[in-house]
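# Structural overview
Residue-level listing of the chains:
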Amino acid sequence: MKKYILSLDQGTSSSRAIIFDHDGNPLAVSQKEFTQHFPRPGWVEHDPEEIWESESGVMLDVVSKLGIDASEIAALGITNQRETTIVWDARTGKPVYNAIVWQDRRTSEYCDSLKALGLTEKIRDKTGLLIDAYFSGTKIRWILENVEDARDLARQGNLRFGTVDSWLIWKLTGGRVHCTDVTNASRTMLFNIHTLKWDEELLDLLGIPASMMPQVRSSSEVYGSCELLGGVPVAGAAGDQQAALFGQMCTEPGDVKNTYGTGCFLLMNSGSKAIKSQNKLLTTIAWKIGDRVDYALEGSVFVAGSIVQWLRDGLGLIKQSSEIEALASQVPDNGGVYLVPALTGLGAPYWDPYAKGTITGITRGTSAAHIARAALEGIAFETMDVVDAMRRDAGIALRSLKVDGGASRNNLMMQFQADILGTDVVRPVVTETTALGAAYLAGLAVGFWTSLESLKAQWQAERRFTPAASQESVNAAVAGWRDAISRTLVK
């Protein structure tokens, strides 16, 4: 009897493995951090072998911890840090260079040269992405141009490229399977999200042989067998934000989730339609199940939880991040104070990398509590700006905002978020939404779960925040935020 699904959650700073039961409950977790390498300013790397060792280690550990036999596991699903780029020799299975992480900025100048050639709209039309060093394509090119013998090995057909999901699938299957899923492919700046194929024109533009590229599969199907677990099917994969969207059961057009972490990642399901944003959002693939492809709009807020860390470490207003809600609750409102948390510029929908953080409205009556409250409200206002951009792009009414991530535990901020959006904010019982999404995709592929409807029936809200503020007070608050943003943007 197959009782469990195993989810591998390979993140930017740690590798995790979680086992879920048939009701979608997490039963056991194993986690291990791994080394971050910063060889030069703006460069961020990981050792691919350490990624594999840490992920395979926690995988075996969580099975042992729960005291089950691998034969009881129906399938294994993978979710991963997106855009991170690994190139290895197909003959030896050894990486030719460290993994270049999504945060890495070494190809920024080359991206500027692509923009100067007038390629922005062409690449956006094909891939749904803005030209940026964030994505995988220019990282692959850098490895081919800068690693000894890499170009020759690529011409000979001996090199393989993969995002982290591809690398793990290759290793799990003993080098038998070189594939990725559509969600990870859609983050490379090389994949046509309309034809669902690697784009030959873009590969030629960046000088990348097609022989390097993984086969692109759906997000929910059996890719191969896991050798370390005696043949457990490897049956699902999705990039972390898409997996969280699925784990939150945002399966209908207009469904939106926001992950409140160091930054915020908002995704809106746009259904079978790939919407080209007019408001500086990204168009991406949400998932492919069977023959159906769902698309999403994505917007990233650079600073969310990290503004609370700054109040703690930079200003000393609190000793622990968890104290922020109690401090902010000491005052009934922000006292006219607004904090724009542009500590690393502004992301969507402003895209102003030169903006600096701003606090406006300070008077002699301003207290630490007012600044704390303004910081929390700033995160909610930034989320509102992205949601508004999604509404304009999609022409779809917002059904609700499903939330996860550490800061979603802050009740004061979640209530304020509901008030300014004018819609319900819903926090789930199971907050491991990223790993759960990967588990759901794998379980659907092998019949462990029979339908989306059965998964929707599992999803449960832990708390629902309903708008309670008057429209007059909301309008005044939003007007104050607009004024603060106008003072922050670099003219």
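Below: a short report on this structure. (Residues numbered from 1 in each chain as written. Predicted model: local features only at pLDDT ≥ 70, side-chain atom pairs only at ≥ 80, totals over all residues. Heavy atoms only, no water.)

## What to know about the overall build of the protein chain
- Helix and strand counts for the protein chain come out as 16 helices and 23 strands.
- Radius of gyration (C-alpha) of the protein chain: 22 Å, near the 23 Å computed for a compact globule of 491 residues.
- For the protein chain, the spread of C-alpha atoms along the three principal axes comes to 70 × 55 × 40 Å.
- For the protein chain, the residues scored as buried account for 60% of the 491 residues in total.
- Of all intrachain contacts in the protein chain linking residues separated by at least 6 positions in sequence, the fraction that spans at least 24 positions is 73%.
- For the protein chain, the exposed surface amounts to about 18800 Å²; the carbon and sulfur share of it is 49%.
- In the protein chain, the 48 positive side-chain charges and the 57 negative ones have mean positions that sit 2 Å from each other. (Helix = DSSP H or I, 4+ residues; strand = E, 2+ residues; numbered from the N terminus. Rg over C-alpha atoms; globule rule 2.2 N^0.38 Å. Buried < 20%, exposed > 50% of the residue type's maximum accessible area, 1.4 Å probe, protein only. Contact = heavy atoms within 4.5 Å. Areas by Shrake-Rupley, 256 points an atom, 1.4 Å probe, with all protein chains shown as cover. Lys, Arg positive; Asp, Glu negative; His and termini not counted. Charge placed at Lys NZ, Arg CZ, Asp CG, Glu CD.)

## Some points on the pairing of strand S8 (residues 159–162)
- Neither face of S8 is exposed, since Leu-159 and Phe-161 on one face and Arg-160 and Gly-162 on the opposite face are all buried.
- Pairing between strand S6 (residues 86–89) and S8: four bridges, direction antiparallel. Considered in S8, the bridge of Trp-88 is made with Arg-160. (Pairing = 2+ DSSP bridges.)

## Comments concerning the nonpolar core
- Counting 59 residues, the largest nonpolar core has Tyr-260, Phe-381 and Met-390 as its most contacted members.
- Sequence-distant contacts of Met-390, that is, excluding residues within four places in its chain, are made with Val-256, Leu-266, Leu-267, Met-268, Leu-281, Leu-297, Glu-298, Gly-299 and Gly-395.
- Within the second largest apolar cluster, 41 residues are counted, among which are Leu-129, Trp-142, Phe-191 and Leu-202. (Core = buried A, V, L, I, M, F, W, Y, C linked by side-chain atoms within 4.5 Å.)

## Concerning the packing of aromatic side chains
- Across all of its chains, the model carries 14 aromatic pairs by this definition.
- Seen from their ring centres, Phe-191 and Trp-198 are 5.4 Å apart, and the 75° between their planes marks the pair as edge-to-face.
- Three or more aromatic residues link up through ring pairs in this structure, and these residues are Phe-246, Trp-287, Tyr-440, Phe-448 and Trp-449.
- Over the ring of Trp-43 we find Arg-106; its NZ or CZ atom is 3.8 Å from the centre of that ring.
- Between the NZ or CZ atom of Lys-402 and the centre of the ring of Trp-459, over which it lies, the distance is 4.1 Å. (Phe/Tyr/Trp six-rings, centres within 6.5 Å; stacked < 30°, edge-to-face > 60°. Lys NZ or Arg CZ within 6 Å of the ring centre and 35° of its normal.)

## A few points about the sheet that holds strand S16 (residues 264–271)
- Overall, mixed pairing links the seven strands, which are arranged S17-S18-S16-S15-S21-S22-S23 in an open sheet. If you trace the sheet from one side to the other, it starts and ends with strand S17 (282–289) and strand S23 (461–465), each paired once. Averaged over all neighbouring strand pairs, the angle between strand axes comes to 25°, with direction disregarded.
- Inspection of the sheet shows strand S15 (residues 256–260) paired to S16 by five bridges, in the antiparallel sense. Among the inter-strand pairings, Lys-257 is bridged to a residue of S16, identified as Leu-267.
- Strands S15, S16, S17, strand S18 (292–301) and strand S21 (401–404) of the sheet are contacted by helix H9 (residues 240–247), whose axis makes an angle of about 60° with S17. (Axes fitted to C-alpha atoms, helices over the stretch in contact; angles between N-to-C directions.)

## Let's talk about the sheet that holds strand S3 (residues 26–33)
- What the six strands build is an open sheet, ordered S3-S2-S1-S5-S14-S13; its pairing is mixed. In the strand order of this sheet, the two ends are held by S3 and strand S13 (220–226), each with one partner. On average, each strand axis in the sheet is inclined to that of its neighbour by 25°, with strand direction left out of account.
- Here S13 runs beside strand S14 (residues 232–239); their pairing, made up of four bridges, is antiparallel. In the strand pairing of S14, Ser-225 is matched with Pro-233.
- Its contacts with the sheet place H9 against strand S5 (73–80) and S14, and it is angled at close to 100° to S14.

## A look at a nonpolar patch on the surface
- Together, Trp-310, Leu-315, Leu-343, Ile-359 and Ile-362 make up a nonpolar patch on the protein surface, roughly 410 Å² of accessible area in all.
- Tracing the chain through its elements places Leu-343 in the loop between strand S19 (338–340) and strand S20 (358–360).
- Accessibility expressed as a relative area gives 39% for Leu-343, which makes it partly exposed. (Patch = residues over 30% accessible without salt bridge, like charges linked within 9 Å, V, L, I, M, F, W, Y side chains within 5 Å. Salt bridge = Lys/Arg side-chain N within 4 Å of Asp/Glu carboxyl O.)

## Topic: the packing of helix H10 (residues 305–313) against helix H12 (residues 368–394)
- Relative orientation of the contacting elements H10 and H12 amounts to 165°, with a least axis distance of 9 Å. Considered as vectors, H10 and H12 are oriented roughly antiparallel to each other. Once H10 is placed against H12, the crossing between them reads as right-handed. Across the interface between the two elements, Gly-305, Ile-307, Val-308 and Leu-311 from H10 touch Ile-371, Ala-372, Ala-375, Leu-376 and Ile-379 from H12.
- Split by residue class, the contact of H10 with H12 holds eight nonpolar, one polar and no charged. (Parallel < 35°, antiparallel > 145°, perpendicular 65-115°, else oblique. Left-handed = near helix turned anticlockwise from the far one by under 90°. Nonpolar A, V, L, I, M, F, W, Y, C, P; charged D, E, K, R; others polar.)

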